[in-house]
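Descriptive analysis of the structure
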Amino acid sequence: MASANREMAVYCFDTLVSHYNNEESPPPAFDDANHPLFVTWKKIVNGGEPRLRGCIGTLEARRLISGFKDYALTSALRDRRFPPIQPKELPFLQCTVSVLTDYEDAEDYLDWEVGKHGIIIEFTEPVTNIKRNATYLPEVPAHEGWTKIEAIDSLVRKAGYDGEITDAVHRRIQLTRYQSTLFSMHYSEYLSYVKATRGLVPAINGTSKPATAFS
C-alpha cells in the first residue's frame, strides 16, 4: 500500500512548472501503484493562514504517476471555484498530496471519526429525487473545528442541496468513510529539493529569474 510522500509533492510541482514552461516534466521518483488520490494547492501570503487555491482528485483508484500528473494541473488550473493559478503565484504555493485508503461502508451518517476519516455522502433529495454526492478529506472537518453534524450539513450544501436539512435528509444519506496519508510541501522546500538533487533552480518562462546552476 502506497503512502503520500515528498517525491509525490515534488512531482506535482514539477508538473505545474513544466506546464508553464511548455516542456516535459522530470520523471517521478516514486513507485507507481493504484489508489484514489487528491492534489490540493494553497496560497500562503505574508505568513498568513493558507488559502485554498484548488483541490481536485478522484475517489476511484488509478495509477499514481498519471493521476498526480493529471490532478496537479486540473486542481491548479481547472477548479471552477477559483481562477487558474498564475506563474507569479508559485513562490506562495503549498502543495498537499493525499493517497486514499481503507474504504468502508458506514452504518449511518454519524459512523465516522473527525480527524481520522474522510467521508463520502450520497443521497437523493426528498422532493425531486435528484441524486447528490460530495466528499471531504479527513483533514477538512478537523481544520474547520466542526462537529460531525456540522461537517455533514456542510457537505450536504457542497453537494448542491439548498433545501432545509432535516432529519429526513440525514436519514437518506449513505456514507462511505476512508482514511488517507498526506504530505505537504511549500514551493521554497521544492526549490531546496531541486537544488540539492539536480543542481539547479527551475526558471519560469516570462519571469525575470533564470535557472541558476550550483557547483
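As the structure is a computational prediction, the values presented were derived from the model and not from experiment.

A word on the sheet that holds strand β1 (residues 34–43)
The strand order across the open sheet built from six strands is β2-β1-β3-β6-β4-β5, with neighbouring strands paired in antiparallel fashion. Edge positions in the sheet fall to β2 (51–63) and β5 (131–136), since each of these pairs with one other strand and no more. Strand-to-strand twist across the sheet, computed as the mean angle between neighbouring axes with direction ignored, equals 25°. Two strands pair when backbone bridges link them, and strand β4 (residues 118–124) and β5 are joined in this way by six bridges, in the antiparallel orientation. Among the inter-strand pairings, I121 is bridged to a residue of β5, identified as A134. Each of β4, β5 and β6 (174–186) is contacted by helix α4 (residues 148–158), which is oriented at about 125° to β5, the strand it contacts most. Along the sheet, helix α6 (residues 187–198) makes contact with β3 (93–105) and β6, crossing β6 at roughly 60°.

Quick word on the pattern of salt bridges
Per the stated rule, a full pass over the model turns up ten salt bridges. Close ionic contact of R81 with D79 constitutes a salt bridge, the shortest N to O distance being 2.7 Å. Among the ionic pairs, E104 bridges to R177, the shortest N-O distance being 2.8 Å. Highlighted residues: E104 in strand β3 and R177 in strand β6, separated in sequence by 73 residues. The exposure class assigned to E104 is partly exposed, which follows from its relative accessible area of 33%. Taking the relative accessible area as the measure of exposure, R177 reaches 17% and is therefore buried. One connected set of salt bridges, linked through shared partners, spans K43, R53 and E89.

Conventions and cut-offs
- Residues numbered from 1 in each chain as written.
- Predicted model: local features only at pLDDT ≥ 70, side-chain atom pairs only at ≥ 80, totals over all residues.
- Heavy atoms only, no water.
- Pairing = 2+ DSSP bridges.
- Helix = DSSP H or I, 4+ residues; strand = E, 2+ residues; numbered from the N terminus.
- Axes fitted to C-alpha atoms, helices over the stretch in contact; angles between N-to-C directions.
- Contact = heavy atoms within 4.5 Å.
- Salt bridge = Lys/Arg side-chain N within 4 Å of Asp/Glu carboxyl O.
- Buried < 20%, exposed > 50% of the residue type's maximum accessible area, 1.4 Å probe, protein only.

Everything listed here is a matter of coordinates, which is why it stays silent on function.
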